[in-house]
Amino acid sequence: MKAAVYHRTGDPSVLEVVDRPVPEPGPGEVLVRVAVSGVNPTDWKARQGDGSGAPPRQGWQIPNQDGAGIVETVGTGVDAKLVGERVWIWEAAWQRQWGTAAEYTVVPARQVVRLGAASFDLGASLGIPFLTAHRCLTVGETMPDRLDVGALTGRTVLVQGGAGAVGNAAIQLARWADATVITTVSSAEKAQLAVAAGASYVINYRDEDVVAEIRKIVPDGVDAIVEVAAARNAEIDCQVIGANGAVAVYADDGGAQLTLPVRPLMVPNVRWQFVLVYTLPPVAKAHAVTDVAAGAAAGVLRVGIDAGLPLHHYPLAEAADAHAAVQNSAVGKVLVVTSEQ
Ligand SMILES: NC(=O)c1ccc[n+]([C@@H]2O[C@H](COP(=O)([O-])OP(=O)(O)OC[C@H]3O[C@@H](n4cnc5c(N)ncnc54)[C@H](OP(=O)(O)O)[C@@H]3O)[C@@H](O)[C@H]2O)c1
């Protein structure tokens, strides 16, 4: 099979496309013929490493956590009915060498989820962004554990950075669950994408007074904030989080040190909750996978410009360019087409 692989960490040029034997699924694993591999910032950050050029943890690595394809064979202990199923894959490369940037990957069976009639492009876009967004929307004390139609009726959510991949997923999931969604963006083009994703209100944080605009919409503050730039947005978040609300911090874009005023946040009993998708409590991860799969199967989760997430396709031979595009903050979803299916 063809696979993109790196033997030392570094810039995108460390990625080379080589021939490798197709791996065998071990006990509890499945072999998937990958159709589309999704690229997320986590994939280039892992490939980049600490800048020393050291080899990846296990000597070599096929990158990319997310993907979609067809189950080719299964290992012992796995239901053979999975063979031939169209599936999406989550966290293929988490503490494993077999990422999705290859014609085949092996993953534990629990990390493949039936895709139904949904597209491989959607399937390869679900894992990291949608599972992260699900956690951010459900982690608050006053938020439900599960997302479905009506689960967030009467709730208002602020999604910081609504044109990002996680931001887009948070808008789609929250709107599916009937929340009012306020989002921030940095340009008119990104505002259009946030509206296409379903945002109820869009605020340009470069031109507008974000706090004043949010207070006009929801004077008592929002129930939850999905936060991509926790340090930079701390002052805003402190002023617009409502009583018993939760700020779910999933990234430190624009600043790594977070400073918060203690007493003003004690009074409304709010919380700042940190989120890393890989290490979610198992129950939360299981809920996220189930609900995201249900949303995808129901046709309510979407990708493409009409969903506020323009798609950028690269052939496997250009996997390094796909990584560079994400590293350079491509707007939308970068996908690597790994095989014809
Ligand atoms: N913790 C986790 O489990 C987890 C999971 C997924 C992703 N992440 C991390 O989350 C970050 C975003 O990932 P992604 O895939 O969504 O990337 P992305 O598609 O590049 O989106 C990032 C978005 O954040 C916006 N942004 C940056 N600064 C902002 C600010 N101060 N206020 C509002 N919006 C702001 C950017 O737009 P503008 O700059 O134009 O505003 C952009 O739209 C990355 O650092 C990634 O590694 C973490």
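The structure under discussion appears in the preceding block.
The text that follows walks through the structure, step by step, so that each part is easy to find.

What counts and what doesn't
Residues numbered from 1 in each chain as written. Predicted model: local features only at pLDDT ≥ 70, side-chain atom pairs only at ≥ 80, totals over all residues. Heavy atoms only, no water. Helix = DSSP H or I, 4+ residues; strand = E, 2+ residues; numbered from the N terminus. Buried < 20%, exposed > 50% of the residue type's maximum accessible area, 1.4 Å probe, protein only. Contact = heavy atoms within 4.5 Å. Areas by Shrake-Rupley, 256 points an atom, 1.4 Å probe, with all protein chains shown as cover. Phe/Tyr/Trp six-rings, centres within 6.5 Å; stacked < 30°, edge-to-face > 60°. Lys NZ or Arg CZ within 6 Å of the ring centre and 35° of its normal. Core = buried A, V, L, I, M, F, W, Y, C linked by side-chain atoms within 4.5 Å. Axes fitted to C-alpha atoms, helices over the stretch in contact; angles between N-to-C directions. Parallel < 35°, antiparallel > 145°, perpendicular 65-115°, else oblique. Left-handed = near helix turned anticlockwise from the far one by under 90°. Nonpolar A, V, L, I, M, F, W, Y, C, P; charged D, E, K, R; others polar. Pairing = 2+ DSSP bridges.

**Notes on the overall build of the protein**
Step number 1: Looking only at helices and strands, one finds nine helices and 15 strands in the protein.
Step number 2: Taken along its principal axes, the extent of the C-alpha atoms in the protein is 60 × 45 × 35 Å.
Step number 3: A burial count over the protein gives 55% of its 341 residues as buried.
Step number 4: Put simply, 69% of the contacts in the protein that link residues at least 6 apart link residues at least 24 apart.
Step number 5: Carbon and sulfur atoms form 51% of the exposed surface of the protein, whose accessible area is close to 14,100 Å².

**Side note on the packing of aromatic side chains**
Step number 1: A complete count under the given rule lists two aromatic pairs for this structure.
Step number 2: When the centroid spacing of 5.1 Å and the interplanar angle of 80° are considered together, the rings of Trp60 and Trp98 count as edge-to-face. Here the residue Trp60 occupies a position in the loop between helix H1 (41-48) and strand E4 (66-74), and Trp98 occupies one in the loop between strand E5 (86-89) and strand E6 (104-108), the gap between them amounting to 38 residues. Assigned by exposure class, Trp60 and Trp98 land together as buried.
Step number 3: An angle of 5° between the planes, with centres 4.1 Å apart, marks the rings of Trp94 and Tyr278 as stacked. Highlighted residues: Trp94 in the loop between E5 and E6 and Tyr278 in the loop between strand E13 (271-274) and helix H8 (282-297), separated in sequence by 184 residues.
Step number 4: Here Trp94 falls in the partly exposed class, since its relative accessible area comes to 30%.
Step number 5: Using a relative accessible area of 12% as the deciding quantity, one classes Tyr278 as buried.
Step number 6: Arg20 extends its terminal NZ or CZ atom over the ring of Trp60, reaching a point 3.9 Å from the ring centre.
Step number 7: Residue placement shows Arg86 over the ring face of Phe120; its charged tip is 4.3 Å from the ring centre.

**Considering the nonpolar core**
Step number 1: Grouped together as the largest cluster of nonpolar side chains are 58 residues, with contacts concentrated most on Trp88, Leu126, Leu131, Leu173, Val226, Tyr250 and Val292.
Step number 2: Considering each element in turn, this core owes the most residues, ten residues, to helix H2 (residues 120-138).
Step number 3: Ignoring sequence-local partners within four residues, the contact set of Val292 consists of Trp88, Leu126, Phe130, Leu131, Leu173 and Leu301.
Step number 4: Counting 25 residues, the second-largest nonpolar core is a separate cluster that includes Val5, Leu15, Trp98 and Ala325.

**Description of the packing of H2 against helix H3 (residues 165-176)**
Step number 1: Axis separation between H2 and H3 bottoms out at 8 Å; the angle between their running directions is 60°. Viewed along their axes, H2 and H3 adopt a mutual orientation that is oblique. For the pair H2 and H3, the crossing hand works out as right-handed. Each of Pro129, Phe130, Thr132, Ala133, His134 and Leu137 in H2 lies in contact with H3, whose residues at this interface are Ala165, Val166, Asn168, Ala169, Ala170, Gln172, Leu173 and Ala174.
Step number 2: A per-class count over the contact of H2 with H3 returns ten nonpolar, four polar and no charged.

**Observations regarding the sheet that holds strand E11 (residues 222-227)**
Step number 1: Strand order in this open sheet of six strands is E10-E9-E8-E11-E12-E13, and the pairing throughout is parallel. Looking at which strands have only one partner, the edges of the open sheet turn out to be strand E10 (201-204) and E13. Strand-to-strand twist in this sheet, taken as the mean axis angle between neighbours without regard to direction, amounts to 20°.
Step number 2: Where strand E8 (residues 156-160) and strand E9 (residues 180-185) come together, five bridges link them in parallel fashion. Each residue of the ladder has a partner; that of Thr156, found in E9, is Thr180.
Step number 3: This element, H3, spans E8, E9 and E11 of the sheet and lies at about 165° to E9.
Step number 4: Sheet contacts for helix H5 (residues 210-217): E8, E9, E10 and E11; angle to E10, the most-contacted strand, approximately 165°.

**Notes on unusual backbone geometry**
Step number 1: Even without glycine at this site, Glu91 takes up a positive phi of about 55°.
Step number 2: Along the chain, Glu91 falls in the loop between E5 and E6.
Step number 3: When its relative accessible area of 4% is taken as the criterion, Glu91 is described as buried.
Step number 4: For Gln95, which is not a glycine, the phi torsion comes out positive at approximately 55°.
Step number 5: Note that Gln95 resides in the loop between E5 and E6.

**Quick word on the pairing of strand E3 (residues 29-39)**
Step number 1: Burial within E3 is extensive, with ten of its eleven residues counted as buried.
Step number 2: Pairing of E3 with E6 involves five bridges; the strand directions are antiparallel. Opposite Leu31, over in E6, you have Val106 as the bridge partner.
Step number 3: As paired strands, E3 and E4 are joined by eight bridges and run antiparallel to one another. In the strand pairing of E4, Val36 is matched with Ala68.
Step number 4: When E3 meets strand E15 (residues 333-337), the two strands line up antiparallel, connected through four bridges. From the neighbouring strand, Gly38 faces E15, where its bridge partner is Leu335.

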